Amino acid sequence: MAPTAKIMVVEDDLDEAKLIKMVLEGEGYEAVCAFNGKEALEKLESERPNLIVLDVMMPEMDGFSFCSKIRSSPENKNVPVIMLTGVAKRIHDTKYPLDGIMRAEADEYLEKPIKTEDLLQAISRLLK
Amino acid sequence: MTHPSAQPTNCWDYLACDYGPDSPQPCLAAYDEASNGINRGTNGGRACWEIVGVLSGSEVLAPCAQLQNCLACGFLHLVRSEEGQSFQLLKLARGVSNPEVLQQTIVKVESFMAIHERLRSHFDLNQTIAEITEEARKVTGAQRGSVLLVKGTPPALRGTLQLRGKECEVVIGLDRNTAAGFAAIQNQIVNLRDIYNTHRSSGGPAFSREYDAQFRCRTHSFLAAPIRDSEERVIGVITLANAKKRFFSTDDEWFMKNYATEVALAVEKQRFVQQSISTLRLAAIDETIAGLSHCIKNIAQALRSGSHVIKRALQSDNLQDIKAAWEILDRHIERLANLSMDVLAYDPVVREHSNGGSLNKLAEHVINLFREEARARSIELKLDKGKNVDPARFDAMDIYRCLVNLVSNALDACPLSEGVVCVSTSRTKEKEFCISVSDNGSGIDEKAKEAVSKLFQTSKPQKGAGLGLPTVAAIVNKYDGRMEIDTTPGAGTTFRISFREDLALA
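Residues numbered from 1 in each chain as written. Chains lettered and ligands numbered in written order. Predicted model: local features only at pLDDT ≥ 70, side-chain atom pairs only at ≥ 80, totals over all residues.

## Describing the overall build of chain B
At step 1: The helix and strand tally for chain B stands at 17 helices and 11 strands.
At step 2: For chain B, the residues scored as buried account for 35% of the 506 residues in total.
At step 3: Here the analysis covers contacts within chain B between residues at least 6 apart in sequence; of these, 57% occur between residues at least 24 apart. (Helix = DSSP H or I, 4+ residues; strand = E, 2+ residues; numbered from the N terminus. Buried ≥ 20, exposed ≤ 12 C-beta atoms within 10 Å, placed from the backbone. Contact = placed C-beta atoms within 7 Å.)

Listed below in structure tokens is the structure:
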């Protein structure tokens, strides 16, 4: 358990982002939000999160593109990523290019609607 | 028609292809010396369609004919216009010098062209079959013609026959004892003449005179050609019959064979169209479901997270978090309600009536949606359609929402046994219609009646009254309509809502 860890929530739906932030703060984490992959990339440098909770379908830059970018960045490649997706069980059937998906290896995939307990357990496991 | 003095254009020149006589790999039309001179061409250069094209009677060999239908090719039409009455189109016409016979042949082939055109534009199989039958009848000079397709249980040759201006249904068993059945089973053309004076040869096809007796006609000569699909399975027969003492020629057989092919194409096209429509529908449904699923998942996600935050905040009396989460939940509940309305907008009946039309049909549609629920709860659901209501001007979505809410409330108000809900429509003024929904429940008390009435007295959106009535009130007010409630404790309630048509689509 790392209650002081900082978690970045990357989610384009303002309400969902706010609720996940509240859930995380309720558990003692520090949470910051970004509303698309591009904004998240810009914030990475200043925020230095310990873990990223990432949505897949977002405007500007989707979750796969964002994830493949941080996986190729020496400073951030080891930051754990939990990807929240509506298509986790059939990820290869999606419209996203397969090579992008392959390079965007997340540490955990959770299918929406996620159970809050599952998200908290995954975070706890990855921060150990 | 005067022929130009210069050497006429051959197909390879017209199409500028690489398969002319001087090419290393000439097309068969280019070196078919047997066809030299036909339509004044070099070898088969002006009769290509019957040598290597779609009228060759065998395999289509020329690359150009594999790409398009010769009957639609500009070259065929050019040669025909240049040659006039000397034009030779088919092997059947080869060597025939009688201009009248040539002209007849052209007329017959033009009938194929017409059918091809129709096949390209028609989706209606029955209409296309009727047209092919009529063309076949006309070009062969037969009095009667029909297309009989193998269908039904037990499988039989089924179709219709025009007799004395009336359409008669024909069913012929798939057995060798009838000429049509024989053609289908043996997969061969049957051509019978002088039927009433010729004895059937053993094992050969024979015309069953029972059919003449059944249809009160007389058949002197009869021709049946099997219709084969692309996999060479017999799917029916095309038949011609003549009462006059005439026989069907080998030319007629040739044409019938080709008309049978046209019918097979029409049947296959119909199948293909149906499959395509079905595939498109499935794809559209798939896409819609995927979109809906995504939207519902997002809403469910917010509800789950919101519920978690509120539970936790309740434990610590954190009112600020409860308020923040509740506001978000409230928005998502609204999204869910809007989503259900968006789904309703895809209802085909609602779409059909988007600009008004039949109020009774829309009411019937809503009633049918609740039919199953009413049956499960032993409630009788009735619809009393007003006589002068239709056509009416209304916004289908709005009326639909009113009806759904009122019928749903009425069902809930019904007693546990012997419940009755009645929906009725009526025209109250020239430009005003009324919908009433009544139940035989316990009725509503004065206080509740007053609360409901208040909803209809303001144009501001109301919340929290439940039962979907705020939605109904907002819609009624939008159209400057009226709402009346008749309620008798213990006997039931009737909601009557009236709409002005001149404002319905404003």
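## Structural notes on the sheet that holds strand β7 (residues 379-384) of chain B
Residues and elements named next belong to chain B.
At step 1: Read from one edge of the open sheet, five strands run β7-β8-β9-β11-β10, paired in mixed fashion. Strands at the two margins of the open sheet, each flanked by one partner only, are β7 and β10 (482-488). Strand after strand, the sheet turns through a mean of 15° between neighbouring axes, direction not considered.
At step 2: Summarising the sheet, strand β8 (residues 419-429) and strand β9 (residues 432-439) pair through eight bridges and their orientation is antiparallel. Along β9, the bridge assignment pairs K429 with E432.
At step 3: Against the sheet, helix α14 (residues 396-413) engages β7, β8, β9 and β11 (492-500), with an angle of about 20° to β9. (Pairing = 2+ DSSP bridges. Axes fitted to C-alpha atoms, helices over the stretch in contact; angles between N-to-C directions.)

## Comments concerning the interface of chain B and chain A
At step 1: Each side of the interface is counted separately: chain B has 19 residues, and chain A has 15 residues.
At step 2: A per-element tally of the side of chain B that touches chain A places helix α10 (residues 250-315) of chain B first, with 13 residues.
At step 3: When the residues that make up the side of chain B that touches chain A are grouped by side-chain class, the tally is six nonpolar, eight polar and five charged. (Nonpolar A, V, L, I, M, F, W, Y, C, P; charged D, E, K, R; others polar.)

## Some points on the packing of helix α2 (residues 37-47) of chain A against helix α3 (residues 63-71) of chain A
For any two helices packed against each other, the geometry comes down to the angle between their axes and how far apart the axes lie.
Residues and elements named next belong to chain A.
At step 1: Here α2 crosses α3 at 25°, and the two axes come no closer than 9 Å. Here α3 runs roughly parallel to α2, going by the angle between their axes. Between α2 and α3 the crossing geometry is right-handed. Residue-level contacts link G37, A40 and L41 of α2 to G63, S65, F66 and K69 of α3.
At step 2: Per-class residue counts for the contact of α2 with α3 are three nonpolar, three polar and one charged. (Parallel < 35°, antiparallel > 145°, perpendicular 65-115°, else oblique. Left-handed = near helix turned anticlockwise from the far one by under 90°.)

## Things to note about the nonpolar core
At step 1: Formed by 67 residues in total, the largest nonpolar core has its most connected members in A183, V237, I238, M256 and V263 of chain B.
At step 2: Of the residues forming this core, the biggest block, seven residues, is contributed by α10 of chain B.
At step 3: Mapping this core onto the domain boundaries places at least three of its residues in each of domain 1 (11-118) and domain 2 (138-266) of chain B.
At step 4: Residues contacting V237 of chain B, with those up to four places away along its chain left out, are L148, L157, A180, A183, A184, A224, A225, P226 and I227 of chain B.
At step 5: In this structure, V10, L19, F64 and I82 of chain A belong to the second largest nonpolar core, which totals 39 residues. (Core = buried A, V, L, I, M, F, W, Y, C linked by C-beta atoms within 7 Å. Domains from an automatic or database assignment.)

## Focus on the confidence of the model for chain A
Residue and element names in this part refer to chain A.
At step 1: Mean pLDDT over chain A stands at 82; residues scoring 70 or higher make up 83%.
At step 2: Looking at the elements of chain A, mean pLDDT is at its lowest for helix α4 (residues 98-103), recorded as 50, and at its highest for strand β1 (residues 6-10), recorded as 95.
At step 3: Overall, residues 88-94 carries pLDDT values under 50, and its contacts beyond four positions in sequence, including any with other chains, amount to nine contacts. (pLDDT = per-residue confidence, 0-100.)

## Examining helix α16 (residues 469-478) of chain B
At step 1: When α16 of chain B is considered as a whole, its buried residues turn out to be L469, T471, V472, A473, I475 and V476 of chain B.
At step 2: Immediately beyond the C-terminal end of α16 of chain B, within one or two residues, lies D480 of chain B, with a positive phi of roughly 55°.

## A short note on the environment of E30 of chain A
Residues and elements named next belong to chain A.
At step 1: Tracing the backbone shows E30 in strand β2 (residues 30-34).
At step 2: A count of 16 C-beta atoms within 10 Å places E30 in the partly exposed class.
At step 3: Residues E30 and P49, spaced 19 residues apart in sequence, show a C-alpha to C-alpha distance of 9.1 Å.
At step 4: When neighbours within four sequence positions are excluded, E30 is seen to be in contact with T4 and K6.

## Overview of helix α5 (residues 74-83) of chain B
Residues and elements named next belong to chain B.
At step 1: Within the span of α5, buried status applies to F75, L76, V79 and E83. Projected down its long axis, α5 shows its buried positions confined to an angular sector of 105°, all on one face. Exposed side chains of α5 directed beyond 90 degrees from the buried face belong to G74, H77 and S81.
At step 2: Lining the buried residues of α5 we find α1 (11-14) and α3 (48-51).
At step 3: Directly after α5, the chain includes G84, whose backbone phi takes a positive value near 60°. (Arc of directions from axis to C-beta.)

## Overview of the packing of α14 of chain B against α16 of chain B
Residue and element names in this part refer to chain B.
At step 1: Where α14 contacts α16, the axes come no closer than 9 Å and their chain directions differ by 145°. Handedness of the α14/α16 crossing: left-handed. Where α14 abuts α16, its residues D398, R401, C402, N405 and L406 lie against L469, T471, V472 and I475.
At step 2: Taken together, the residues that form the contact of α14 with α16 break down as five nonpolar, two polar and two charged.

## Considerations on the sheet that holds strand β4 (residues 190-192) of chain B
All names here are of chain B.
At step 1: With respect to topology, six strands assemble into an open sheet ordered β3-β2-β1-β6-β5-β4, the strand pairing being antiparallel. Of all the strands in the sheet, the pair left with one neighbour each is β3 (166-173) and β4. Sheet twist, expressed as the mean angle between neighbouring strand axes with direction ignored, is 20°.
At step 2: Relative to β3, strand β2 (residues 156-163) runs antiparallel, the two sharing eight bridges.

## Observations concerning the pairing of strand β3 (residues 51-55) of chain A
Residues and elements named next belong to chain A.
At step 1: Summarising burial for β3: five of the five residues are buried, a large majority.
At step 2: The alternating pattern of β3 places L51, V53 and D55 on one face and I52 and L54 on the opposite face, and all of these are buried.
At step 3: Where β1 and β3 come together, four bridges link them in parallel fashion. Across the sheet, the residue bridging to V9 is V53, located in β3.
At step 4: Pairing geometry for β3 and strand β4 (residues 81-85), over four bridges, is parallel. Across the sheet, L54 pairs through a bridge with M83, a residue of β4.

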